[in-house]
Every structure is written in C-alpha cells, then in structure tokens.
Amino acid sequence: MHGKCGSIDKANRVFEGMKLRDVYTYTAMIVGLAIHGQGEGALEVFTETLKTGIEPNEVTYIGVLMACSHAGLVKEGLKHITNMSTLRVLKLQQEHYGCMVDLLGCAGARPLPLPSVLSPDVGRVNGINSAEIEKNVAQHYKSFELFSANA
C-alpha cells in the first residue's frame, strides 16, 4: 500500500523487513516501483522474485512491463512478454498488450492500431491464443525498429 501511495522508501523498508514473501508481496513492490518511475528497481525485484523460486503471475508481468516502459527498455519488455507465455505458461491478456503499446509509444514509436483480434472489452481476448498476440506485438516491435532507423 505504501508503494501505491508514493511512499517508496516506506514500502521498501516494510518489504525488506518481511520474513516471508510471496508472489503478492513481490508483485506489490514491483508495481509500486514501476508506477513511480523506478523501472530498473522494479526489474531488480523481479529478478529476485525468480531467484527465490516464486512463480510470477499475470499481474506481476503487468508491473514488469510497466517498469520496462518507464525505463525505456523496449527489447527487455518484448523479452518478458514472450517469456511470460512460453516459459511461465501464463495467458497474455489485453492489459499486457496495452503495456507493450505503451512501451513502444514511450520509446518514440508512432501510434499503432490495436489488432482487430483483440476484444473491445478490457481484459478479454476472444478466440485468440497468446502466440497470435505475441506475433502482433512482434510485428509492432519491428515497425518500431523500422521507424527508429528512418528517423
């Protein structure tokens, strides 16, 4: 809660003082750091999460993608969204795709249209698997690289 309210120092002290941590406490710290512009710190906490053997969930990855966006780490964000569905077998949701669009936009890409396969309902993907969403994100990423090279 301290992290969401902007008191990152308090959140960090509470987090460091915890004897037992789970996916929820790690996720809260990652998201708190990410939304307050400390993307690299959030990614360090994510790395620690993986080292402890705690499996991240879909919300954890939203925090990771926000962290990549705030830190301008486009390639890192694409790597994480790919790992999410291949290594962790988690389902990509519309929020994850939205984070990638934000990441590309913050990195200077032109606004890109959302693929028509995504439902207009927030959080719902109709009749599409994560591989198809990854393909769309990868295509947008390639478009970003082409745009950046020509800028």
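From a predicted model like this one, the values you see are computed outputs, not experimental measurements.

## Observations regarding the overall build of the protein chain
Next up, step 1: Of regular secondary structure, the protein chain possesses seven helices and zero strands.
Next up, step 2: Every one of the 151 residues in the protein chain was classed for burial, and the buried ones make up 40%.
Next up, step 3: Counted over contacts in the protein chain with a minimum sequence separation of 6, partners at least 24 positions apart contribute 65%.
Next up, step 4: Taken as a whole, the protein chain presents about 8500 Å² of accessible surface, with 55% of it coming from carbon and sulfur.

## Considering the pattern of salt bridges
Next up, step 1: This structure, assessed with the given rule, holds three salt bridges.
Next up, step 2: A salt bridge links Glu48 to Arg21; the shortest N-O distance between them is 2.7 Å. Separated by 27 residues along the polypeptide, Glu48 in helix α3 (residues 39-51) and Arg21 in the loop between α1 (8-17) and α2 (23-35) bring together distant segments of the chain.
Next up, step 3: Arg21 sits in the partly exposed class, given a relative accessible area of 21%.

## Focus on the packing of α2 against helix α4 (residues 58-71)
Next up, step 1: Where α2 meets α4, the axes come as close as 8 Å, and the angle between the chain directions of the two elements is 25 degrees. If you check the angle between α2 and α4, you find them roughly parallel. Here α2 and α4 pass one another in a crossing that is left-handed. For the pair formed by α2 and α4, the contact residues are Val23, Thr27, Ile30, Val31, Ala34 and Ile35 on the first element and Val59, Thr60, Gly63, Val64, Met66, Ala67 and His70 on the second.
Next up, step 2: Looking at the contact of α2 with α4, its residues break down into nine nonpolar, four polar and no charged.

## Some details on α3
Next up, step 1: For α3, with 13 residues, the first-to-last C-alpha span of 19 Å sits near the 18 Å given by 1.5 Å per residue.
Next up, step 2: Along α3, the residues classified as buried are Gly39, Ala42, Leu43, Val45, Phe46 and Thr49. Buried residues of α3 fall within an arc of 160 degrees about the axis and therefore sit on the same side. Those residues of α3 that are exposed and aimed more than 90 degrees away from the buried face are Glu40, Glu44 and Lys51.
Next up, step 3: Buried residues belonging to α3 abut α1, α2, α4 and α5 (74-86).
Next up, step 4: Looking at the residues trailing α3, positive phi occurs at Gly53, about 90 degrees.

Rules and cut-offs
Residues numbered from 1 in each chain as written. Predicted model: local features only at pLDDT ≥ 70, side-chain atom pairs only at ≥ 80, totals over all residues. Heavy atoms only, no water. Helix = DSSP H or I, 4+ residues; strand = E, 2+ residues; numbered from the N terminus. Buried < 20%, exposed > 50% of the residue type's maximum accessible area, 1.4 Å probe, protein only. Contact = heavy atoms within 4.5 Å. Areas by Shrake-Rupley, 256 points an atom, 1.4 Å probe, with all protein chains shown as cover. Salt bridge = Lys/Arg side-chain N within 4 Å of Asp/Glu carboxyl O. Axes fitted to C-alpha atoms, helices over the stretch in contact; angles between N-to-C directions. Parallel < 35°, antiparallel > 145°, perpendicular 65-115°, else oblique. Left-handed = near helix turned anticlockwise from the far one by under 90°. Nonpolar A, V, L, I, M, F, W, Y, C, P; charged D, E, K, R; others polar. Expected span 1.5 Å × (residues − 1). Arc of directions from axis to C-beta.

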